[in-house]
Amino acid sequence: MPRAPEAPPPTLPRGRAPAGTPLYVHLPFCAAKCHYCDFFSVAAEGHDRRPTVAALLAEAERWAPREPRTVFFGGGTPSLLESAELRALFDGLERVTGFRGAACEVTVECNPESLDEAKAATLLELGATRLSIGFQALDDAALKLFGRVHDAAQAFEAYRAARRAGAREINIDLIYAWPGQDLAAWRADLDRVLDLGPDHISAYNLTFEEDTAFRRWLEDGALSKPDEELELAFFEATRSRLAERGYGAYEVSNFALSGLHARHNVNYWQNGPYLGLGPSAVSKIGTARGGNVKSVGDYVRRIREQGDARVWEEAPDALARLRETWWLGLRLAEGLSAAEARARAGFDLPEDPLQPIAERLADDGLLERRGVRFALSPRGLPLADWVARKFLEG
Amino acid sequence: MDTKHIRNFCIIAHIDHGKSTLADRMLEVTGAVDKRDMRAQLLDSMDLERERGITIKASAVTIWHKKDGVRYELNLIDTPGHVDFNYEVQKALQACEGALLLVDASQGVEAQTVANAYLAVEADLTVLPVLNKLDLPHARPEVVQEEIENSIGIDAADAARVSAKSGLGVNELLDRIVDRIPAPKGEPDAPLRCLIFDAVYNEYRGIIVYLRVVDGTIKERDLIHMLGTDTVYEAIEIGRFTPTMKRAGELGPGEVGYFISNIKKLGDVRIGDTMTRHKGPKVAMLPGYRPPMHMVYADFFPTNTGDFESLREALETLSLSDSSFSFEAVTSEALGFGFRCGFLGLLHMEIVQERLEREHDIDMIQTAPTVTYKIVLKDGSEVEIHSPGQLPSPDKYEQILEPSARVTVMTPAEYIGNVMTIANDHRGTYVRQDHLSPTRVQLVYDIPLAELIYDFFDKLKSSTRGYGTLNYEISGYAESELVKLRILVNGKEVDALTSIVHKDQAEKRGRSAIKKMRKEIARHQFEIALQAAIGARIIARETISALRKDVTAKCYGGDITRKRKLLEKQKEGKRRMRQIGNVDIPQKAFLAVLGGDEEEG
């Protein structure tokens, strides 16, 4: 395989990201760690959050873009912060970046136990345009198994509170195919969620990530995975039910009413740039990536002492970038063309080694041709990772 | 240098008994290598050798040792320790007058050490027993001396006692080498004769020939005639290994060193050949080496069919530094063009395969190893086959003969029962049993070589907790009731998976083979049927169900690097894989017809 003869630009640029770059802010605090979750988070109890908020703002001054196109507050549980803390954070970020006038989408992740009407109103007043609420399940026993600290009724109440406060765009997060879940019950749960009329639904097949309680329980035999056929039935039932109600599957696990997809996340799948703030947050600027330390204390100290909390960086070569662009881009229903892939990857060698792979997968019926674009076919969709590996191997 | 001040010797030892450490210590105490330049185990120059802790190739080093005010040239010729490399051992032995028999005083004598010690005795070498690891609290030198005497039959009463690790006794050992090992006998004025005992290929300098001068003196600018290959080369550089190559200009009788002539034609240097002066007096070739015996054959196919020529070049280059394997082009219906290679044994096969991949960056698929069968055809003529696919249909032949090995196992006495059980499971015939000491036993069996290859080594190790060691020699051919076991993938026979098995074991081994294949072959987007057949009869079937769902649910910004790593991990091990029909079959599945890690029952 020919390798790109490139000068090594192995580090992220030292300084603020280009204006307009999407901004991600990681708030690592949670009421409790969910048993399936592998995102970096710490228990809120006993943690003084003020140094973290101060460090986030100090980090922003040094690295954050002016006028980001989109902003996403994720975690952790951003809604867990008190109104005063949120105000200090959002106002501070506004001073540094001017996001309120610039961003077309500002999402805040919320959990039912920490989202009431007042909190929602504060978030909207501070510049949020979109709230994402973690329902995860409508079955209280399942919520207990997940380690969630709310019940289904609280989730519904949080949703209504957000609407009362004036939230226009709301996403609901759901998890399916958990141990023991009944397919018919899942269809009924989906209907109940749909009846609320959310703008966006993220519905994920449960995964047993490394270093989670669920993975440990799976390995110990305390939990068992539904068999593949059942998972496939869940996957397909979810897509067809949501499609019937007007929610298009614009990504493998993401559904939205027309025009209401999450722009911030679409950028990830298009392999675009982003700047991440906070412990464990990842940034991609130009062709380089880097990530912050996964520790609140370390993060605060590094920002205080060096203004920088990155602990790893990588600069994939042109071919590696092209591979990545393909498998990420194919997660979107819009798919991508070979020319788009090359442009996004910054791949400018004369010969495109991956286009023939796309052609072959299309011949095998796993991809569909739409003009010059390729997208996963109905048969290829549940085999997206298998397809991804073909781009990594070829 | 006067021959009476030269000593040529080698070290015979089992893996881990401290041979390389002792060699290192000798280099250190004689000042050949500065302590700060000391890199553990200097003599094992290949990465592979260091990793496996074994010596694959013979190599040489010259050290200078002073005794009673006289400076002696000691040439240590390193020898491989494994049963597969008997040929290399013999070459090295022929270049020496003496051998150190190095035994770990905490472990005792092992089977391969005994075999190599016999070779040294046969080659008329003076054998000096040396007990190592005397610094260990559980060293038991008296018991081990008894074992040496009982197993090899040499007097070990005054065996040297050393600790190669600490250096204890090493100087005294060097003195003893001078005292006890005879000086070489070569005549300085006789016509030149040198023995080629090894060769390596160097990209810049061509072939570096390792030689031992037997008679006369070899000098730079001499025109040298290699008798066996009948080629002539000028001696551009003559030198010694100290251990780095050091130009000497000439080497006299009894000396050991190297010869460089920018030789690029791989076929021109043959290990075991005799070198003499071009147009000088006629000399007799040095007593012949036994040509290497290929006991095990396997086919190598490039993973990418386009790499066939690169594989050929790689095999040619490798055959230069390892003259003991053979290769010839073959064609497989399933795998296309490749090479059938003959090896001294299983370890040798693994090493060649690893060196091809590491040193030549070639990805290959290797078929399960097989032995050479002799087939007596209906008309009474006899043919040899090196591949199960070559076995004619039963109506075409009268009988099949298979090679049998006389196998010697040394084991702690408590495992005798286990060893007997696995010998019986592998069609073994009991020969005898000897007690070497109250705690160690030597068991002798006749076992078909094919059974040794199948999984006898693995089973021996696991049933003796790693303490059992083994040596074998081919004892002849015997008739056996063998049948061809075929494997079908989605109804299509895969010739590269065919094996020859005993009729009584056919069903069990057929079932086990496709069970293992089922584990090795990843699911595809369609169902895959695996079948084992004897003749037209299907004896077992396994199904690999179709892959229906394979998709990561969640994938966001910070997540991307993790998902990518996960995807890449899943593709690991996919490199060595070949597509047959539209099924990707990984290397491991091609070895499924061997035994090993199958579940019992």
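First, a word on scope: everything that follows refers to the structure included in this document. The numbers attached to residues start from 1 for each chain and follow its sequence in the written order. Each chain is given a letter, starting from A, and each ligand a number, starting from 1, according to the order in which they appear as written. For this predicted model, a pLDDT threshold of at least 70 governs which residues receive local features, and a threshold of 80 or more governs which side-chain atom pairs are given and counted, while totals over whole chains, interfaces and linings are taken from all residues. Computation of side-chain values covers all heavy atoms of the structure but excludes hydrogens and water.

1. Details of the overall build of chain A
So, step 1. Summing up its helical and strand segments, chain A has 15 helices and 17 strands in all.
So, step 2. Pairs of residues are marked as contacts when any of their non-hydrogen atoms sit within 4.5 Å. The contacts in chain A between residues at least 6 apart in sequence include a share of 70% that link residues at least 24 apart.
So, step 3. Per-residue and other accessible areas were derived by the Shrake-Rupley procedure at a 1.4 Å probe size, with only the shown protein chains allowed to occlude residues. When the accessible surface of chain A is totalled, it reaches about 15,400 Å², and 50% of it is carbon and sulfur. Each helix corresponds to a stretch of at least 4 residues labelled H or I by DSSP, and each strand to a stretch of at least 2 residues labelled E; elements are numbered beginning at the N terminus.

2. Let's talk about the side chain of Q442(B)
So, step 1. Mapped onto the elements of the fold, Q442(B) is located in strand β25 (residues 440-448).
So, step 2. Excluding its chain neighbours within four sequence positions, the residues that come into contact with Q442(B) are T408(B), V409(B), M410(B), R432(B), Q433(B), D434(B) and L436(B).

3. Re the sheet that holds strand β5 (residues 105-110) of chain A
Residues and elements named next belong to chain A.
So, step 1. Any two strands between which DSSP finds at least two bridges are classified as paired. With respect to topology, nine strands assemble into an open sheet ordered β9-β10-β8-β7-β6-β5-β4-β1-β11, the strand pairing being mixed. Among the strands making up the open sheet, the edge pair consists of β9 (248-251) and β11 (275-277). Across the sheet, the mean angle separating the axes of adjacent strands is 25° when strand polarity is ignored.
So, step 2. As defined by bridge partners, strand β7 (residues 169-176) adjoins strand β8 (residues 200-205) across six bridges and the pair is classed as parallel. To obtain an axis, a line is fitted to C-alpha atoms, over the contacting stretch when the element is a helix, and the angle between two such axes runs from 0 to 180 degrees between their N-to-C directions.

4. Points about the packing of aromatic side chains
Residues and elements named next belong to chain B.
So, step 1. Under the pairing criterion, centres of Phe, Tyr and Trp rings, with the six-membered ring standing for Trp, must be within 6.5 Å; the plane angle then separates stacked pairs below 30 degrees from edge-to-face pairs above 60, leaving the rest tilted. Overall, the coordinates contain 27 aromatic pairs over all chains when judged by the stated rule.
So, step 2. Relative to F343, the ring of F325 has its centre 6.3 Å away and its plane inclined at 20°; by these criteria the two rings are stacked. With F325 in the loop between α7 (308-321) and β18 (326-332) and F343 in strand β19 (residues 336-343), this residue pair connects regions lying 18 residues apart in the sequence. You'll find F325 and F343 in the same group, each marked buried.
So, step 3. A centroid spacing of 6.0 Å and a plane angle of 80° characterise the contact between F327 and F339, whose relative ring orientation is edge-to-face. Of this pair, F327 sits in strand β18 while F339 sits in strand β19, and the two are 12 residues apart along the sequence.
So, step 4. Relative accessibility decides the category of a residue: with a 1.4 Å probe and only protein chains considered, values under 20% of the type maximum give buried, values over 50% give exposed, and everything between is partly exposed. The class of F339 is buried, set by a relative accessible area of 1%.

5. Observations concerning the nonpolar core
So, step 1. Among the nonpolar cores identified, the biggest contains 102 residues, and F73(A), F135(A), W326(A), L367(A) and F391(A) are the most heavily contacted of them.
So, step 2. Here this core spans two domains, since at least three of its residues come from each of domain 1 (23-269) and domain 2 (318-393) of chain A.
So, step 3. Apart from residues no more than four positions distant in its own chain, L367(A) is found in contact with L330(A), A358(A), L361(A), A362(A), F374(A), A375(A), L376(A), S377(A), V387(A) and F391(A).
So, step 4. Residues L346(B), A506(B), M517(B) and V583(B) belong to the second largest nonpolar core, which totals 80 residues. Side-chain atoms within 4.5 Å are what join buried Ala, Val, Leu, Ile, Met, Phe, Trp, Tyr and Cys residues into a set we call a nonpolar core. The domain limits used here are those given by an automatic or database domain assignment.

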